[in-house]
Amino acid sequence: MMMNGKERIRKAFKVQAVDRIPWIPFVGVHGAFLAGYKADEYLQSADFLVNGINKAVEAYQPDGIPVCFDLQIEAEALGCQLAWSPDNPPAVISHPLAGGKSLDILPKFEKSSGRIPLVIEATKRTRAAHPDIAIYGLITGPFTLALHLLGTDIFMMMFENPDYTNELLAYTVEISRQMAGWYLEAGCDVIAVVDPMTSQIGPDHFEQFIHEPISSLYKYIRENGGLSSFFVCGHAQQNIEVMCKTGPDNVSIDENIPLDYVRDICKRYGISFGGNLQLTLVLLMGTAEDCQKHALECIDTAGETGFILAPGCDLPMTTPVENIQAITTLVHDPYQRDVVRALEKTAEEMPILDLAEYGRTEKVIVDIITLDSESCAPCQYMVEAVREVTPHFEGLVEWREHSIKNLDGVTFMSSLFVKNIPTICIDGKISFVSQIPPKQELIRAVQKRINEKLKLKIREKHGKIVLAGTREELKEIYDKAKIAILELGAHIEIETISGEEARRLYGISQTPAWINVRNRIKSEGTEPSIEVMREWIKALL
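Conventions we followed
- Residues numbered from 1 in each chain as written.
- Predicted model: local features only at pLDDT ≥ 70, side-chain atom pairs only at ≥ 80, totals over all residues.
- Heavy atoms only, no water.
- Helix = DSSP H or I, 4+ residues; strand = E, 2+ residues; numbered from the N terminus.
- Rg over C-alpha atoms; globule rule 2.2 N^0.38 Å.
- Buried < 20%, exposed > 50% of the residue type's maximum accessible area, 1.4 Å probe, protein only.
- Contact = heavy atoms within 4.5 Å.
- Lys, Arg positive; Asp, Glu negative; His and termini not counted.
- Charge placed at Lys NZ, Arg CZ, Asp CG, Glu CD.
- Pairing = 2+ DSSP bridges.
- Axes fitted to C-alpha atoms, helices over the stretch in contact; angles between N-to-C directions.
- Salt bridge = Lys/Arg side-chain N within 4 Å of Asp/Glu carboxyl O.
- Arc of directions from axis to C-beta.
- Polar contact = N/O pair within 3.5 Å; in protein donor to acceptor, adjacent residues only side chain to side chain.
- Expected span 1.5 Å × (residues − 1).
- Bend = angle between axes of the 7 residues up to and from the residue.

To continue, consider the overall build of the protein chain. What the protein chain contains, in helices and strands, is 22 helices and 16 strands. A compact globule built from 541 residues should have a C-alpha radius of gyration of about 24 Å, and the protein chain, at 27 Å, falls within 12% of that. In terms of its C-alpha atoms, the protein chain occupies a principal-axis envelope of roughly 90 × 60 × 45 Å. A buried classification covers 55% of the 541 residues belonging to the protein chain. Across the protein chain, every contact between residues at least 6 apart in sequence was considered, and the portion connecting residues at least 24 apart equals 72%. The centroid of the 54 positive side-chain charges in the protein chain is displaced by 3 Å from the centroid of its 74 negative side-chain charges.

The strand order across the open sheet built from three strands is β15-β14-β16, with neighbouring strands paired in mixed fashion. Both outer strands of the open sheet, β15 (493-497) and β16 (513-517), are each paired with one neighbouring strand and no more. Direction aside, neighbouring strands of the sheet carry axes that sit 25° apart on average. With five bridges joining them, strand β14 (residues 464-468) and β16 adopt antiparallel strand pairing. Residue pairing across strands places K464 opposite V517, the latter belonging to β16. Where helix α20 (residues 471-488) meets the sheet, its contacts fall on β14, β15 and β16, and the angle it forms with β15 comes to roughly 170°. Contacting β14, β15 and β16, helix α21 (residues 499-506) runs over the sheet at an angle of about 110° to β15.

With that settled, the discussion passes to the pattern of salt bridges. Counted by the stated rule, this structure contains 20 salt bridges. D70 is the partner of R115 in a salt bridge, and the nearest nitrogen-oxygen pair spans 2.8 Å. Of this pair, R115 sits in the loop between β3 (91-92) and α6 (116-129) while D70 is found in the loop between β1 (64-66) and α5 (73-77), placing the two residues 45 residues apart along the sequence. Neither residue differs from the other here; R115 and D70 are each classed as buried. In this structure, D427 and R449 form a salt bridge, with 2.6 Å as the shortest nitrogen-oxygen distance. Placement of the pair is D427 in the loop between β12 (423-426) and β13 (429-433) and R449 in helix α19 (residues 439-456), with a sequence separation of 22 residues. Looking at D427, the relative accessible area reads 3%, which means it is buried. Residue R449 is classed as partly exposed on the basis of its relative accessible area of 23%. Through salt bridges with shared partners, a single network forms among R8, D19, R20 and D63.

A few words now on the pairing of strand β4 (residues 134-140). By the criterion of burial, β4 is predominantly enclosed, with seven of the seven residues buried. Every second residue of β4 is oriented toward a common face, with A134, Y136, L138 and T140 on one face and I135, G137 and I139 on the other, all of them buried. Relative to β4, β1 runs parallel, the two being bridged by three bridges. Bridging from a neighbouring strand, P66 pairs with Y136 of β4. In terms of strand pairing, β4 meets strand β5 (residues 190-194) through five bridges, oriented parallel. The partner of I139 across the bridge, within β5, is V193.

Let's shift gears to helix α1 (residues 5-13). Listing the buried residues of α1 in full gives G5, R8, I9, A12 and F13. Along α1, the residues classed as buried sweep out an arc of 130° about the axis, all on the same side. Each element contacted by the buried residues of α1 is listed here: β4, β5, β6 (227-231), β7 (250-252), β8 (272-277) and β9 (307-311). You can read the cap of α1 off the contacts: a side-chain oxygen lies 3.2 Å from the backbone nitrogen of K6, and it is on N4. Where α1 terminates, the next one or two residues include V15, which has phi positive at roughly 55°.

Here the focus is α20. The end-to-end C-alpha separation of α20 is 25 Å, in line with the 26 Å expected for 18 residues at 1.5 Å each. The largest bend in α20 amounts to roughly 25° and is located at I477. By the burial criterion, the buried members of α20 are L474, A481, I485 and E487. In the segment just after α20, G489 is the residue with positive phi, at about 70°.

Read from one edge of the open sheet, four strands run β11-β10-β12-β13, paired in mixed fashion. Looking at which strands have only one partner, the edges of the open sheet turn out to be β11 (397-403) and β13. Averaged over all adjacent pairs, the angle separating strand axes in this sheet is 25°, with direction ignored. Relative to β12, strand β10 (residues 364-370) is paired through four bridges, and the arrangement is antiparallel. When the sheet's bridge partners are listed, D367 is paired in β12 with C425.

Structure representation (structure tokens):
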């Protein structure tokens, strides 16, 4: 018998047989893209949210849909300041409890606080417009909300002041409980507890601080007629089993965790699972054919019972519509799945940079490989951790973020053999994988690398490369030079000049030509002898 989307989701969550794999495109600010809005205006209007959801339902024929994918709603209502973006959800930029301030300073959390009224209104209107699909209410998980309020101090507090940490989590889970209740009253079928920052702690701390509050939250959702999902992104593989022990109806994960690993553990606990379509490399940057092949791989790995096909997180805003529609076709049409299975793989190999000499520059380079620090909470806080320590080194350290929402970021990630997001690399060496390092530990790691470089350091000013020739002659050599500079992690200026000017300045006879121009410091603050000067001059002859 043909089921509607809501029935299909409910049965899948109960690990019961369904007529086909349920499909949940996690449409967040992608709904703004579909409806022609900017992300910041979309997330501040019930009308815009409903328009975006309606567009997504029409385009993607989902079995379920989230109302709003914004993990800053509760934080904003509690006094956190936000930085808004036209392309992503906002980011938290202030932490009212920083320094371990008392919870008493926080404003009262009410149904009328901040943007809560507009998301509740959007939920009611979505429920009325789409009675046959499962409506997801996404709430900020207690640990992620605690980090929004306290900042990265929470990792220190877990060791130094566990009583305060427990008090804070008891408070944030009550906020989560209130949000869940309001969403259920408005008509949501599923409450997804989105707690990405739990990927930053190990199983011991999870059981010590997270298990009890979040277990009580799932019990509350169940007692009030809702289904629950524990939604985590990042390298949380070590926590999948302890997540299952908290008693959700579903665990949803992203591409950082092998789907078969999650499948096996969730089956052991009788829990459904969802994921883990690759957001950037496939959905955002791949072709429609890539998306269908990848979706089929997920379906074949997961099996047909207790699995919900979904992206690993909310869709990047400008994800091509045809890519998501291709997955819709695959889900709804068994014949299309047979066609995809019969096709040979045609994907080109990802180009790999030669980074063997990366980090040979004078400064220490700290690279943070992220999904996008504007839209991914673990990525945001890892970038903040690096940004905070950099000034301690007085110009000796340079940091860069590489978002894998663009092809350059994916190439850089592949070239450094990084497998998990977010990751910190120091001078091309993987240093901190998917866990935000404590401040002092990060400082020690960077200082160690500085000390290593000081032993080999030759004080010299950066020179520049001069390429001489016509525009046609220089096109290929210029592009190759840029790649070589990127592979070394250097900041070297490339200047192009005509052949006539090169003959006048450098005495070359043929183009294209490459000239290294370098200024080496030989003395500072002293007057060298004539004998020493003669040796320096000889080096120029």
